[in-house]
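Secondary and tertiary structure notes
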Amino acid sequence: MQPETRQLLKLTDNIANKLEKLHLHSAWDLALHLPLRYEDETQIIPIAAAPIGEICQVEGVVLHQEIQFKPRKQLIARIKDDSEACLNLRFIHFYPNHQKQLAQGATVRALGEIKRGFYGDEMIHPKLKSPENNKLAQSLTPIYPTTNGLNQPTLRKAVQAALDAVDLTEVLPEKLLKSLKLPSLAESLRTLHNPPPELSMQTLADGVFPAWQRLKFDELLAQQLSMRLARQRRKSGNAKPLIGNGVLSKKLLANLPFRLTHAQQRVCDEIRADLANHVPMHRLLQGDVGSGKTIVAALSALVALECEGVQVAIMAPTEILAEQHFIKFKQWFETLGIRVAWLSGSLKKKAKDEAKAALANGEIRVVVGTHALFQDDVLFDNLGLVIVDEQHRFGVAQRLALKNKGQDVHQLMMSATPIPRTLAMSFLADLDVSSIDELPPNRTPIKTKLVNQLRRNDVEGFVLSTCQKGQQAYWVCPLIEESETLQLQTATDTLAELQNHLPSLNIGLVHGRMKAAEKAAVMSEFISGSLNVLVATTVIEVGVDVPNASLMVIEHAERMGLAQLHQLRGRVGRGAAASTCVLLFAEPLGQVSKARLKVIHEHTDGFEIARQDLEIRGPGEFLGARQSGAPMLRFADLQTDMVLLEQARQAAADLVAHEPDVVARHLERWLGSREGFLAA
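Residues numbered from 1 in each chain as written. Predicted model: local features only at pLDDT ≥ 70, side-chain atom pairs only at ≥ 80, totals over all residues. Heavy atoms only, no water.

1. Focus on the environment of Thr141
Looking at where Thr141 falls in the secondary structure, it is placed in strand E8 (residues 141-143). Given the relative accessible area of 8%, Thr141 is considered buried. Residues Thr141 and Asn194, spaced 53 residues apart in sequence, show a C-alpha to C-alpha distance of 7.0 Å. There is a polar contact of 2.9 Å between the side chain of Thr141 and the side chain of Glu41. (Helix = DSSP H or I, 4+ residues; strand = E, 2+ residues; numbered from the N terminus. Buried < 20%, exposed > 50% of the residue type's maximum accessible area, 1.4 Å probe, protein only. Polar contact = N/O pair within 3.5 Å; in protein donor to acceptor, adjacent residues only side chain to side chain.)

See the structure below:
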C-alpha cells in the first residue's frame, strides 16, 4: 500500500500490511471490500421471542456467573430480561474482562446465535456490550472477510475512511443508468456497507438487489470496454504478414500416415488467413481431447517458417507436455530440414546458453519449451508466431511476457478445455475462436466406470486381464495439492503395491519431480510397449499419445476437477481396441464431487463437460487469471447475470463509439493499471 494511501486513511504500518494480505492496496480496493454478511445491532429482542438458530441481540441482568471445570474449564453466566425469560451465556475461552462484564447484577447486551442446550437455551461466545456506553446501531453491522490479526472494528473503520476518501462522483451517463433502472454508485456502495435496518438480510444477499446490480454492471462494463479496446488496438497493430508458399506444408502432409479431418482443414484455413494479415493474429484453437490440435499447430508454424528468417515459439505448461511437443515437432520438422530446439528450466546451463545464443542470432527458428521461454534473458532475432498450448494453465502475465518478445507477434492459443459460450463472450471477447468439432475417424469410444475404492482388487484383476491381451494401462495417483512430497510418496506406494499384486507385469513410474531424462526414458519404455502399466501422477494429463494403452485407472477421482478427469480419460481410446476409464472413488462424497463424477460418467463430449464444469466451479480456473493476479469477476456471476452481461456489451459498444472520456474514466476507476492483463 502506497505511503500516501496509508496517510490518507490514517492506517498504521501494521494494519496496512494486514490489508495487503487481503489484496487491498488502495482506498478504492477497500471501498469495494464488501461484507460477507450482516448482524443486526439496531434492536433488542426479548429473550422469550428470540429465534433459535439465528443471530440476534438480547439484553438482561446477570443473575449469577460461575467457572465450571467439567467437561472442560468454561465460564457460564445466566441473564434475565423484562420478559422474565432466562438465557445462559457460555464462554469456553474467556478472560478476566469477561468475568468483570458479567458480574452479578450488571446489565449486559449479548449478540449471538441462540441454541438449545442441555441446561436450557444458550449463546456460546456472544459479543458483549455494556448498554450504558453503547447506543443502538443506526444501520446493520457489516461483517467483512478478514485475516488473522485484523479485527472487525478496525476493518470497518478502514473501509469507512476509504468510502469518505474515494471520489464516488458519477461517471456513467444518467440516461444509461435510467434506462437500466440502476442507482448511483455512491448510493449503492453506501447501502451495501451500511444498510438501513429496514432492509432484510435476505434482500441484501439477493443478487438482484439494485445496489448489487449496479456493482455487477459496472464491473462487467469495465471488462467489456477493456476487451473492445484491446481488439481495437490489435486491429490497428502492424504485424508482419506471414504468407507461406505451401512447400513445407505440402511435404509434411504427404509424410503423414493420416489425412486431416474437414474440421482440421477448416481451422488451418482460418489460421492461414489470419497470418497473411498485418493485424496480429489473436486466435484460440479449441478442440476436444484427441481432436488433432498439434498437427494444426505444426502446419500453422510451417506457414511462418516458409517466410524468410521468421521464428516460431511453442510453449506448454508442463515439462512432459512440452517434451511431447518437442518430440512430435522434431519428428515432423527434421525430415523437412528444420532444426527444432528445446528450452526448459531443467536444461543444463551450457545447453541452455547455447540454445539462447542460437535463438538470439536467428540460427534456431523453432523452439519448444516451458515457462523458461519467457524469461527476460531469452531473446529472439525475429519472432513471428507464438503458439501457447493449454493456455488457461498459464498466468495472463506469463502469456504477455512471451508475446512481448517480438513486435506485434501473431499468437495462437490452444486448449483442450473448450470454453463455454458465456465465458468466451465475457473474458475472450477480443479473441477469434476456432473449434475442431470433429474427432479423427480412428478414435474408439471410451467406457467410463465408477468403482468404489473398496473394490480395488477387482480393478487390479481388470488391469491384469487387459495387459494379458497385449494392451497397456495407466494407473493415475491422486492429486494432493498441499504436498508434492506426499503425492510422490503415494505414487511410490502404489507402484510397490501393484508390483506386489501383479508380479507378472512390468510396471513403471513417472512423476513431476523426476529429471527430464528419467521421465523421457520411462515414457519411451511405455511407448515402445516394454512396460505394461505406467503409474503416474497427473503429469500425463495432457499430450501423451500411446495408441496401445486402452485402460486408464484414476484413484481418488473425487479429488480432481472435471477438465482434468476428461483430459486424463483422453489418454486412452487412441487405438483400435475398446477402451475403458475406471474412476476409483472413496466415500463419503461431497456434493461437488458427486456432481463431477455424475457428469464425467454420463458425458464424453468435452464441450458439454466444459459447460457443466462452469456451472460447478465458476470461470476462474478456465482462464488462468487466478494464478496471474489478473482481475476476475468479483461481483457478477456469468451463470445468473447473462442479461447484465448483454447490457454491458451493448453499452460498451455505444460508449466506445460516442463517449471516449466516459470510457477512460470508467476503466481507470475499475481496472487502473491492470487493464493490459485483459488483452493478453
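2. Regarding the sheet that holds strand E21 (residues 579-585)
Here 6 strands make up an open sheet; going across it, the order is E16-E21-E20-E17-E19-E18 and the pairing parallel. The two strands at the open ends of the sheet, each matched to only one other strand, are strand E16 (446-452) and strand E18 (507-510). Mean inter-strand twist for the sheet, computed between neighbouring axes without regard to direction, equals 20 degrees. Here strand E17 (residues 472-476) pairs with strand E19 (residues 533-536) via 4 bridges, running parallel. Paired with Ala473 across the two strands is Val533, which belongs to E19. Relative to E17, helix H17 (residues 456-468) is tilted by about 150 degrees, and along the sheet it contacts E16, E17, E19, strand E20 (549-554) and E21. (Pairing = 2+ DSSP bridges. Axes fitted to C-alpha atoms, helices over the stretch in contact; angles between N-to-C directions. Contact = heavy atoms within 4.5 Å.)

3. Let's talk about the pattern of salt bridges
The full count for this structure, using the stated rule, is 27 salt bridges. In this structure, Glu602 engages Lys598 in a salt bridge whose closest nitrogen and oxygen atoms are separated by 3.2 Å. With Glu602 and Lys598 both in helix H21 (residues 591-602) and 4 residues apart, this pair spans about one turn of that helix. Here Glu602 falls in the partly exposed class, since its relative accessible area comes to 48%. A cluster of three or more residues bridged by salt bridges with shared partners is formed by Arg37, Glu39, Glu41, Lys127 and Lys129. (Salt bridge = Lys/Arg side-chain N within 4 Å of Asp/Glu carboxyl O.)

4. As for the packing of aromatic side chains
Aromatic rings considered in pairs are described by the distance between their centres and by the relative angle of their planes. Evaluated as defined, the whole model comprises 7 aromatic pairs. Centre to centre, the rings of Trp28 and Trp670 are 5.5 Å apart; their planes meet at 85 degrees, and the pair counts as edge-to-face. Of this pair, Trp28 sits in helix H3 (residues 27-31) while Trp670 sits in helix H25 (residues 660-670), and the two are 642 residues apart along the sequence. Since its relative accessible area comes to 13%, Trp28 is described here as buried. Both rings, one in Phe329 and one in Phe333, keep their centres 5.3 Å apart while their planes meet at 80 degrees; by these two values the pair is edge-to-face. You can see Phe329 and its partner Phe333 sitting in helix H13 (residues 319-333), 4 residues apart, about one turn around the helix. Of the residues examined, Phe329 reaches a relative accessible area of 1% and is grouped as buried. Judged by relative accessible area, Phe333 falls into the buried class, the value being 0%. (Phe/Tyr/Trp six-rings, centres within 6.5 Å; stacked < 30°, edge-to-face > 60°.)

5. Description of the environment of Asp408
Note on placement: Asp408 falls in the loop between helix H15 (396-403) and strand E14 (410-415). Residue classification places Asp408 among the partly exposed residues on the basis of a relative accessible area of 29%. In contact with Asp408, not counting residues within four places along its chain, are Gly237, Asn238, Ala239 and Pro280.

6. Focus: the packing of helix H9 (residues 210-235) against helix H24 (residues 642-658)
Look at H9 against H24: their axes get within 8 Å of each other, and the N-to-C directions meet at 50 degrees. What the angle tells us is that H9 and H24 run oblique. With respect to the hand of their crossing, H9 and H24 are arranged in right-handed fashion. Every residue of H24 that contacts H9 at Gln213, Lys216, Phe217, Leu220, Leu221, Gln223, Gln224, Leu225, Arg228, Leu229 and Gln232 is listed here: Leu644, Leu645, Gln647, Ala648, Arg649, Ala651, Ala652, Ala653, Leu655 and Val656. Here the contact of H9 with H24 is built from residues that sort into 13 nonpolar, 5 polar and 3 charged. (Parallel < 35°, antiparallel > 145°, perpendicular 65-115°, else oblique. Left-handed = near helix turned anticlockwise from the far one by under 90°. Nonpolar A, V, L, I, M, F, W, Y, C, P; charged D, E, K, R; others polar.)

7. A word on the side chain of Glu323
The topology assignment puts Glu323 in helix H13. Here Glu323 occupies a buried position and makes no salt bridge, while the nearest side chain of opposite charge, Lys519, is found at 4.6 Å. Apart from the residues within four sequence positions on either side, Glu323 is in contact with Trp342, Ala516 and Ala520. (Lys, Arg positive; Asp, Glu negative; His and termini not counted.)

8. Considerations on the pairing of strand E4 (residues 86-91)
Within a regular strand, side chains alternate between the sheet's two faces. For E4, the tally of buried residues reaches 5 of 6 residues, placing the bulk of the element in the interior. Where strand E3 (residues 74-80) and E4 come together, 6 bridges link them in antiparallel fashion. Opposite Ala77, over in E4, you have Leu89 as the bridge partner. Connecting E3 to the antiparallel partner E4 that follows it, the hairpin turn spans 5 residues, and Glu84 within it adopts a positive phi of roughly 70 degrees. Pairing of E4 with strand E6 (residues 120-124), which is carried by 3 bridges, proceeds in the parallel orientation. Paired with Arg90 across the bridge in E6 is Ile124.

9. Some words on the pairing of strand E13 (residues 383-388)
Counting buried positions along E13 yields 6 of 6 residues, so the element is predominantly enclosed. By the bridge criterion, 5 bridges tie strand E10 (residues 311-315) to E13 in an arrangement that is parallel. When the sheet's bridge partners are listed, Met315 is paired in E13 with Val388. The pairing of E13 with E14 spans 4 bridges and is classified as parallel. When the sheet's bridge partners are listed, Val386 is paired in E14 with Gln411.

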